[in-house]
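Residues per chain are reported as follows:
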Amino acid sequence: TISKVDTSAPTVSITSTNNVAAPQTATLNMTENPSSSNSGISKYYWGNSNPKTTNVTWTDYTAGSTITKTVSANGTYYLGVKDTAGNIAVTNKVF
């Protein structure tokens, strides 16, 4: 039997308390792609490096968690999400 292979990355977005400048609070939004064979989100990255092009340290993610971060300096911030199948989704926001 051949099982369905998950090739769908999760969905990610960043919302913030304002779009002006730091400091502010950013909420990291992560959802599993419905067509992903229920792989589930396993890790996330938040920082100033693009996790698709840079070796970064990933943080374990607990399903259903709401994650907020304080942005204390202006710049481009990346949210990367990895599911258990290894698919990665990345978005960024300039603060």
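Keep in mind that what you see is a predicted model, and the values were worked out from it rather than measured.

Focus: the overall build of the protein chain
The helix and strand inventory of the protein chain stands at zero helices and seven strands. Taking all 95 residues of the protein chain together, 36% fall into the buried category. Of the roughly 5,500 Å² of accessible surface on the protein chain, a fraction of 45% belongs to carbon and sulfur atoms.

Thoughts on the environment of Asn29
Within the secondary structure, Asn29 is located in strand E2 (residues 24–31). Taking relative accessible area as the criterion, Asn29 reaches 26% and is therefore assigned partly exposed. Considering only alpha carbons, one finds Asn29 and Leu79, 50 residues apart in sequence, at a separation of 9.0 Å.

Some words on the pairing of strand E7 (residues 88–94)
Strand direction decides the pairing type here: strand E6 (residues 76–83) and E7, joined by seven bridges, are antiparallel. Among the inter-strand pairings, Val81 is bridged to a residue of E7, identified as Ala89.

How each quantity is defined
- Residues numbered from 1 in each chain as written.
- Predicted model: local features only at pLDDT ≥ 70, side-chain atom pairs only at ≥ 80, totals over all residues.
- Heavy atoms only, no water.
- Helix = DSSP H or I, 4+ residues; strand = E, 2+ residues; numbered from the N terminus.
- Buried < 20%, exposed > 50% of the residue type's maximum accessible area, 1.4 Å probe, protein only.
- Areas by Shrake-Rupley, 256 points an atom, 1.4 Å probe, with all protein chains shown as cover.
- Pairing = 2+ DSSP bridges.

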